[in-house]
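What follows is the residue order along each chain.
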Amino acid sequence: MIRIMRIREVIEVTGLSRTTIWRRVRDHEFPVPLKLGSLKTRSVGWREEDIERWLNGLEEIDN
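This report concerns the structure included in the present document. Since the structure is predicted, the reported quantities are computational estimates derived from the model, not experimental observations.

Rules of the game
- Residues numbered from 1 in each chain as written.
- Predicted model: local features only at pLDDT ≥ 70, side-chain atom pairs only at ≥ 80, totals over all residues.
- Heavy atoms only, no water.
- Core = buried A, V, L, I, M, F, W, Y, C linked by side-chain atoms within 4.5 Å.
- Buried < 20%, exposed > 50% of the residue type's maximum accessible area, 1.4 Å probe, protein only.
- Helix = DSSP H or I, 4+ residues; strand = E, 2+ residues; numbered from the N terminus.
- Contact = heavy atoms within 4.5 Å.
- Pairing = 2+ DSSP bridges.

1. Considering the nonpolar core
Phase 1 of the analysis: Of all hydrophobic cores here, the largest spans eleven residues; its members are Met5, Ile7, Val10, Leu16, Ile21, Val25, Phe30, Val44, Trp46, Ile51 and Trp54.
Phase 2 of the analysis: Looking at this core, the elements that each hand over two or more residues are helix H1 (7-14), helix H2 (18-26), strand E3 (44-47) and helix H3 (48-62).
Phase 3 of the analysis: What isoleucine 21 contacts, discounting residues up to four positions off in sequence, is Ile7, Val10, Ile11, Thr14, Leu16, Phe30 and Trp46.

2. Comments concerning the environment of leucine 58
Phase 1 of the analysis: Topologically, leucine 58 is positioned in helix H3.
Phase 2 of the analysis: Residue classification places leucine 58 among the partly exposed residues on the basis of a relative accessible area of 32%.

3. As for unusual backbone geometry
Phase 1 of the analysis: The phi torsion at histidine 28 lies on the positive side, around 60°, for a residue other than glycine.
Phase 2 of the analysis: For histidine 28, the position within the fold is in the loop between H2 and strand E2 (34-35).

4. Some thoughts on the sheet that holds E2
Phase 1 of the analysis: Strand order in the open sheet formed by three strands is E1-E3-E2, with antiparallel pairing between adjacent strands. The open sheet has two edge strands with one neighbour each: strand E1 (4-5) and E2.

Here's what the structure looks like:
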């Protein structure tokens, strides 16, 4: 089952600010969120596996 993380949880897990997350999404340095709900809503969320993969990629860079 796919688990969706909202922005507050992504902030908590990554340690990044909301602004930094959106800046990195814009610069293609962070996973792109999924749009949730209808076309009229602005709700988004990230697949937990995408965030985990991104975090694991950072660990590989450090090594």
